[in-house]
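Commentary on secondary and tertiary structure
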Amino acid sequence: MVKRIFYGWWIVLACFFISFYVGGAIFFGFTAFFEPIRAESGWSYAQISFAASLRGLEMGLLAPVVGFLVYRFGARALILCGTLTVGAGLIFLSLTQSLAMFYGAFLLISFGAGGCTSVVTMAVVANWFRKKIGMAFGIMASGFGAGGIVVPFIVWSIEAYGWRTTLVILGLTMWAMGVPLFFVIRNSPEQYGYAPDGEICEVPSETHEIRDYGEEIGFKDALRSRAFLFLNIVEAVRLMTIAAVATHVMPYLSSLGIPRSVCGFVAAAIPLCSIIGRFGFGWLGDTFDKRHVLAMTFLFMGIGVFVFCYVNTLWIVVPFLLLFPPGFGGSMVLRGAIIREYFGRDAFGKLLGITMGSASIGGIIGPTLAGWMFDTVGSYKPVWLIFCGVSIAATVLTMYIRKTAAEGCLPSAS
């Protein structure tokens, strides 16, 4: 008899495809729109880059709110609302006639993406897995990386039909893909007679209550822990660096004289190569101390950005792609795995939301700083060196993320 596949893996697959499309169309794909929008509008690099920072709200300032909404309404409802809003936001963006409208469209996209990615998808996967959480997160997060496949299509579509028509196509496709996947999502395994990882509950939970399996730490205690504080700091560094590179990779390479078509393939290769880290570091996190593995990911990122500073021929991009993308891909997976292991799953969505809210500070600074640096000095090299330095500093700080009840809590304000 063929062993039945645990339904949690189908949820992971659905979240994979949602992350795939949002990652490709919004996060990694925006770099392809950068120069066409600038050519038509005349806006500066810093002005357009700020929109990318607003786009980062879906994994930043909105994340704490989304975390509480997941706890209140469940992931399933939020994924449907988010999918519909992202599609509408992309179509609205195609109608842009002013800078204010441009920013408004990105805010709408951010609201939608916050409801169907990141906190929401990681929270629902965390409900269905405990022992295999690293692998589950790795597979799900690989969808975000696989979204790089969409980038060459976006580049081609812009060249063939223009950037406005391409945005309409992306919006309609979001609806066509996201709505059917919504029907696969289920909030928790207990209502179907399962515990996390497919273990059998004695009695299915009629109230759909999420039960505790393993050690759980209270929400307020988690907020006071040094581990949570340090994790928030390194998250800000991570998103600052990733958002800057993902937004400016095509303008940067174009400024070096590399053809736009080649730049598009490099932009696509960044998320695709990150899949190596999402799977590889996710597996290592299930096997070794997660903070040690997380430190390794930041080291990869730091060295990768340093290599990126000195691109003068295309072949130097190769070591960059072997270091930076696996590093940031692995750190994305380990962030959630550490929260799940250190603090349990009862408050997972809320804690992840707060962590991503902290990260948004870096996510807003990164692209804007890079754009301002190029507008001011005519080079990206100084800002890449800054990101290299802070990534190495984050490597050291990560080693101080320890799971200790006695030493891990900050003093109470009382």
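See the structure printed just above.
Residues numbered from 1 in each chain as written. Predicted model: local features only at pLDDT ≥ 70, side-chain atom pairs only at ≥ 80, totals over all residues. Heavy atoms only, no water.

Description of the overall build of the protein chain
The helix and strand inventory of the protein chain stands at 17 helices and zero strands. Out of the 414 residues belonging to the protein chain, those deemed buried represent 58%. When contacts within the protein chain are restricted to residue pairs at least 6 apart in sequence, those whose partners lie at least 24 apart make up 81%. (Helix = DSSP H or I, 4+ residues; strand = E, 2+ residues; numbered from the N terminus. Buried < 20%, exposed > 50% of the residue type's maximum accessible area, 1.4 Å probe, protein only. Contact = heavy atoms within 4.5 Å.)

Quick look at the pattern of salt bridges
Taken as a whole, this structure holds eight salt bridges when the rule is applied. In this structure, Arg-224 and Asp-221 form a salt bridge, with 3.5 Å as the shortest nitrogen-oxygen distance. On the basis of relative accessibility, which here comes to 31%, the residue Arg-224 falls in the partly exposed class. Glu-235 serves as the salt-bridge partner of Arg-335, at 3.3 Å between the closest nitrogen and oxygen. Here the residue Arg-335 occupies a position in helix H15 (residues 317-343), and Glu-235 occupies one in helix H12 (residues 226-255), the gap between them amounting to 100 residues. A single burial state applies to Arg-335 and to Glu-235, both of which are buried. (Salt bridge = Lys/Arg side-chain N within 4 Å of Asp/Glu carboxyl O.)

What to know about H12
Since the α-helix packs 3.6 residues into each turn, any two residues three or four apart lie on the same face. Its 30 residues give H12 an end-to-end C-alpha distance of 42 Å, which sits within 8% of 44 Å, the value for a rise of 1.5 Å per residue. The largest bend in H12 is about 55°, located at His-248, with the proline Pro-251 one to four residues further on. Burial within H12 is extensive, with 25 of its 30 residues counted as buried. Looking one or two residues past H12, Gly-257 carries a phi angle of roughly 90°, positive in sign. (Expected span 1.5 Å × (residues − 1). Bend = angle between axes of the 7 residues up to and from the residue.)

With respect to the packing of aromatic side chains
The relative placement of two aromatic rings is captured by the distance of their centres and the angle of their planes. Under the counting rule described, the total for this entry stands at 30 aromatic pairs. Judged by centre distance (5.1 Å) and plane angle (75°), the ring pair of Phe-102 and Phe-106 falls under edge-to-face. Of this pair, Phe-102 and Phe-106 are both found in helix H6 (residues 99-116), four residues apart, which corresponds to roughly one turn of the helix. In this pair, the class of Phe-102 matches that of Phe-106, namely buried. Joined through ring pairs, the aromatic side chains of Phe-28, Phe-144, Tyr-252, Phe-308, Phe-320, Phe-324, Phe-328, Phe-374, Tyr-380, Trp-384 and Phe-387 make up one cluster. Sitting over the ring of Phe-73, Arg-72 keeps its end group 5.0 Å from the ring centre. The cationic tip of Arg-76 hangs over the ring face of Phe-182; the distance from NZ or CZ to the ring centre is 4.5 Å. (Phe/Tyr/Trp six-rings, centres within 6.5 Å; stacked < 30°, edge-to-face > 60°. Lys NZ or Arg CZ within 6 Å of the ring centre and 35° of its normal.)

Some remarks on the nonpolar core
Ranked by size, the top nonpolar core spans 130 residues in total, and within it Phe-102 and Trp-384 carry the most contacts. Here this core gets 15 residues from one element, more than from any other, and that element is H12. Other than its neighbours up to four places away in sequence, Trp-384 contacts Ala-244, Val-245, His-248, Tyr-252, Val-305, Phe-308 and Cys-309. (Core = buried A, V, L, I, M, F, W, Y, C linked by side-chain atoms within 4.5 Å.)

Remarks on the state of the cysteines
As used in these notes, a disulfide is a covalent bond between sulfur atoms, one from each of two cysteines. Evaluation of the coordinates by the stated rule reveals zero disulfides. No disulfide involves Cys-388; its sulfur sits 6.6 Å from the nearest other cysteine sulfur, which is in Cys-309. Overall, Cys-388 belongs to the buried group, its relative accessible area being 13%. (Disulfide = S-S within 2.5 Å.)

Re the packing of helix H2 (residues 30-41) against helix H9 (residues 150-161)
Orientation of H2 relative to H9, taken along the N-to-C sense of each, is 25°, at an axis distance of 8 Å. Here H9 runs roughly parallel to H2, going by the angle between their axes. In this structure, H2 uses Ala-32, Phe-33 and Pro-36 to contact H9, whose residues at the interface are Ile-154, Val-155 and Ile-158. A breakdown of the residues in the contact of H2 with H9 according to their chemical character gives six nonpolar, no polar and no charged. (Axes fitted to C-alpha atoms, helices over the stretch in contact; angles between N-to-C directions. Parallel < 35°, antiparallel > 145°, perpendicular 65-115°, else oblique. Nonpolar A, V, L, I, M, F, W, Y, C, P; charged D, E, K, R; others polar.)

Notes on helix H16 (residues 348-377)
Between its first and last C-alpha, H16 extends 43 Å over 30 residues, near the 44 Å set by a 1.5 Å rise per residue. Where H16 bends most, the angle comes to about 25°, and this point is Ala-359. Positive phi appears at Gly-378, one or two residues downstream of H16, with a value of about 75°.

A look at a nonpolar patch on the surface
A surface patch of nonpolar side chains, amounting to about 370 Å² of accessible area, comprises Ile-5, Trp-10, Leu-13 and Phe-17. With respect to the helices and strands, Ile-5 occurs in the segment before helix H1 (7-28). Residue classification places Ile-5 among the partly exposed positions, given a relative accessible area of 48%. (Patch = residues over 30% accessible without salt bridge, like charges linked within 9 Å, V, L, I, M, F, W, Y side chains within 5 Å. Areas by Shrake-Rupley, 256 points an atom, 1.4 Å probe, with all protein chains shown as cover.)

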